[in-house]
Amino acid sequence: MKCRAHGYSTLAFAAEWGNLPFRCFHAETGIAMHDVASNPGLFARLGEVRTDWTVEQVRTLFALPFADLIYHAQHIHRQNFDPNRVQVSTLLSIKTGGCPEDCGYCSQSIRYNTTVEREELMELERVLESARIAKANGATRFCMGAAYRSPKPKQLAAIKHMIAGVREMGMETCVTLGMLTPDQAVELKDAGLDYYNHNLDTSKDFYGKVITTRTYQDRLDTLEAVRNAGINVCCGGILGMGESSQDRAQLLHTLATLPAHPESVPINQLMQVPGTPLFGTEKLDALEFIRAIAVARILMPKSHVRLSAGRSGMSDETQALCFLAGANSIFYGDKLLTTENPDEHHDLGLFKRLGIQPEAQRDAVDTAHARSVHAEAAPIRSTMALS
Ligand code: SAM
Ligand code: DTB
Ligand code: SF4
């Protein structure tokens, strides 16, 4: 690396940068040379897909001046993706409410007095009808969520039919059903499942303040089972639950130091549900949320970072900054699982104003194993009804 202004090599610069009168930037990467010099283990390796990040490095990224952070995130984003394409998923709650777990944010736990009514597992035909509509509206992935601690054999059998049916329509499939055993993960893979969503939710340290009925290790075990079964991993968390900036750094650090990066990283903003313990939590500064998106993009350069729950409470400008920071996936449709999402009309308008096109389905979905999906960036060809 050579400084554009001074022609110093990184090493010479490292020795002398303290004497220079202004910041120098590397000609190709735009990285500030004093950053490289003071933290070569971090900045000299930006853009590399790596799983050996330290928490200190993650905190250093969070602490960058906002413009520098966004610059790095956007640079890395462009190395791996078309910056004007966003992947579109649609979400359906196939089994709502009555969940025995105590997740402090959740509308569906039986422990909290929310307005969500308990429903049985949805009939296959109703699920497929929703999937048809989602596909007609331009979604390329259909995500089915169930309020389970973990699925029972009979439930899994029914859900496998749903997966097969949605896949037959030519959409990618994703389910989130709680904890899985390794055998259940293999069963889902055999049914044609492309992605399994299972979030870490927050840092290991803060976790106990949000959930007591399953451990952080339980979550890591399920992620391992999913990965070993050859299913793409969708794993992220929730911000704005009252966690500290250190917790946000730790969450992203844990995600980025898994044996392989999740293919999809949903970053949710807490949807505050009356009746849940986390209702009334102080709202997270939007700039902190955008920072977290940018850091996720830098740490996991080839993963899709999903701007997930919480968009209905964000301004268009905040969402635009999230896309600029490297978010390239959303949930499309006016309902998440039980809470609201921006209506389709609004999202279409936002995409149009930002010049964003929906991403076409990846060709690689048939050979869904993580590394193969990551081998190439998504094809830039939209088959979607949206424009
Ligand atoms: N019951 C399964 C489980 O928890 O593993 C799957 C469904 S659960 C609703 C999926 C994820 O949605 C949670 O792990 C959490 O990250 C996210 N989520 C749930 N309620 C939320 C809320 N109120 N705000 C933001 N994200 C939420
Ligand atoms: C994820 O990370 N976010 C989605 C999906 N995975 C399943 C769920 C968001 C749920 C928001 C609250 C609700 O609608 O109940
Ligand atoms: Fe149950 Fe999932 Fe809600 Fe936790 S997040 S209470 S496991 S539905």
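Presented here is a report on the structure given in the accompanying data block. Starting afresh in each chain, residues are numbered from 1 along the sequence in its written order. Labels follow written order: the first chain is A, the first ligand is 1, and so on. Where totals are concerned, whole chains, interfaces and linings use all residues; where local detail is concerned, this predicted model gives features only for residues with pLDDT of at least 70, and gives and counts side-chain atom pairs only at 80 or more. Heavy atoms from the whole structure form the basis of all side-chain values; hydrogens and water molecules are not counted.

1. Observations concerning the layout of surface pockets
Step number 1: The pocket and cavity definitions rest on a 1 Å grid over protein atoms only: a 1.4 Å probe that fits but cannot leave marks a cavity, an open set with protein on both sides within 12 Å along at least five of seven lines marks a pocket, and residues lining either have an atom within 4 Å of a point. Grid points are joined across faces, edges and corners, and a volume is the space filled by probe spheres set on the points. Counted as a void, the largest pocket has a volume near 420 Å³.
Step number 2: Forming the boundary of the largest pocket are 21 residues, of which Leu91, Leu92, Asp334, Lys335 and Leu336 lie nearest the centre.
Step number 3: A run of H or I in DSSP becomes a helix once it reaches four residues, and a run of E becomes a strand once it reaches two; helices and strands are each numbered from the N terminus. Only β1 (85–95) and α6 (124–136) provide two or more residues apiece to the lining of the largest pocket.
Step number 4: A total of four residues in the lining of the largest pocket trace back to one element, the largest contributor, which is β1.
Step number 5: Counted by class, the lining of the largest pocket contains 10 nonpolar, seven polar and four charged residues.
Step number 6: Of the pockets and cavities examined, the second largest pocket occupies roughly 210 Å³.
Step number 7: Lining the second largest pocket we find 13 residues, and of these Lys95, Ala147, Tyr148, Lys152 and Gln155 sit closest to its centre. Each residue gets one of three labels, nonpolar for Ala, Val, Leu, Ile, Met, Phe, Trp, Tyr, Cys and Pro, charged for Asp, Glu, Lys and Arg, and polar for the others, Gly among them.

2. Remarks on the pairing of strand β3 (residues 172–176)
Step number 1: Buried residues dominate β3, accounting for five of its five residues.
Step number 2: To sort residues, take the accessible area from a 1.4 Å probe on protein chains only and compare it with the maximum for the residue type: under 20% means buried, over 50% means exposed, and anything in between is partly exposed. Judged by which residues are buried, β3 turns out to be covered on both faces: Glu172, Cys174 and Thr176 on one side and Thr173 and Val175 on the other are all buried.
Step number 3: For two strands to be treated as a pair, DSSP must find at least two bridges joining them. Sheet topology note: the strand β2 (residues 141–146)/β3 ladder contains five bridges and is parallel. When the sheet's bridge partners are listed, Gly145 is paired in β3 with Thr176.

3. Remarks on the site of ligand 1
Step number 1: A single heavy atom is enough: if one lies within 4 Å of a molecule or strand, its residue is considered near that molecule or strand. By nearness alone, 16 residues border ligand 1, and Tyr148, Thr176, Asn199, Asp201 and Met271 come closest of all.
Step number 2: Polar contacts, as used here, are pairs of N or O atoms within 3.5 Å; protein pairs need one atom able to donate a hydrogen and one able to accept it. Residues neighboring in sequence count only if both atoms are side-chain atoms. One nitrogen or oxygen atom from the side chain of Asp201 is found 2.6 Å from an oxygen atom belonging to ligand 1.
Step number 3: Isolated, ligand 1 exposes 560 Å² of accessible area, and the fraction of that covered by the protein chains is 89%.
Step number 4: A cavity or pocket is said to hold a molecule if more than half of that molecule's atoms lie within 2 Å of its grid points. With respect to the pocket detection grid, ligand 1 is positioned in the largest cavity.
Step number 5: Grouping the constituent residues of the shell around ligand 1 by class yields eight nonpolar, six polar and two charged. Accessible surface area values rest on a Shrake-Rupley calculation with a 1.4 Å probe, where residue burial reflects the displayed protein chains alone.

4. Some points on the packing of aromatic side chains
In this description, an aromatic ring pair is defined by two values, namely the gap between the centres and the angle between the planes.
Step number 1: Note on ring pairs: Phe, Tyr and Trp rings are taken, using the six-membered ring of Trp, and paired if centres are within 6.5 Å. Classes follow the plane angle, with under 30 degrees stacked, over 60 edge-to-face and the rest tilted. Applying the stated criterion across every chain yields a total of two aromatic pairs.
Step number 2: Measuring from centroid to centroid gives 5.3 Å for Tyr207 and Tyr216, while their planes differ by 75°, and the two rings are edge-to-face.
Step number 3: Residue class for Tyr207 comes out buried when judged on its relative accessible area of 4%.
Step number 4: Classification of Tyr216 as buried rests on a relative accessible area of 6%.
Step number 5: Ring centres of Phe323 and Phe351 lie 6.4 Å apart, and the angle between their planes is 80°; on these two criteria the pair is classed as edge-to-face.

5. With respect to the site of ligand 2
Step number 1: Surveying the vicinity of ligand 2 reveals 13 residues, the closest of which are Asn199, Asn268, Leu337, Thr338 and Thr339.
Step number 2: Measuring from an oxygen atom of ligand 2, one finds a side-chain N or O atom of Asn268 at 2.8 Å.
Step number 3: Here an oxygen atom of ligand 2 sits 2.6 Å away from a polar atom, N or O, in the side chain of Thr338.
Step number 4: Look at ligand 2: alone it shows 410 Å² of surface, and the protein chains cover 86% of it.
Step number 5: For ligand 2, the cavity whose grid points lie within 2 Å of the majority of its atoms is the largest cavity.
Step number 6: Tallied by class, residues from the shell around ligand 2 come to six nonpolar, seven polar and no charged.

6. Remarks on empty space enclosed by the protein
Step number 1: The full count for this structure, using the stated rule, is three cavities of 30 Å³ or more.
Step number 2: By volume, the largest cavity amounts to about 850 Å³.
Step number 3: Lining the largest cavity are 39 residues; nearest its centre among them are Tyr105, Cys106, Gln108, Asn199 and Leu337.
Step number 4: Secondary-structure elements contributing two or more residues to the lining of the largest cavity are β2, β3 and β7 (264–269).

7. Brief notes about the pairing of strand β8 (residues 304–307)
Step number 1: Taking every second residue as pointing to the same face, both faces of β8 are buried, with His304 and Arg306 on one and Val305 and Leu307 on the other.
Step number 2: Inspection of the sheet shows β7 paired to β8 by four bridges, in the parallel sense. For Pro266, the partnering residue across the bridge sits in β8 and is Arg306.
Step number 3: Taken together, the two bridges between β8 and strand β9 (residues 329–331) define a ladder with parallel strand orientation. Note on β9: the bridge partner recorded for Arg306 is Ser329.
Step number 4: Seen with its strands pointing away from the viewer, a crossover is right-handed if its path from the first strand over the helix to the second goes clockwise. With helix α13 (residues 316–324) bridging β8 and its parallel neighbour β9, the resulting β-α-β unit is right-handed.

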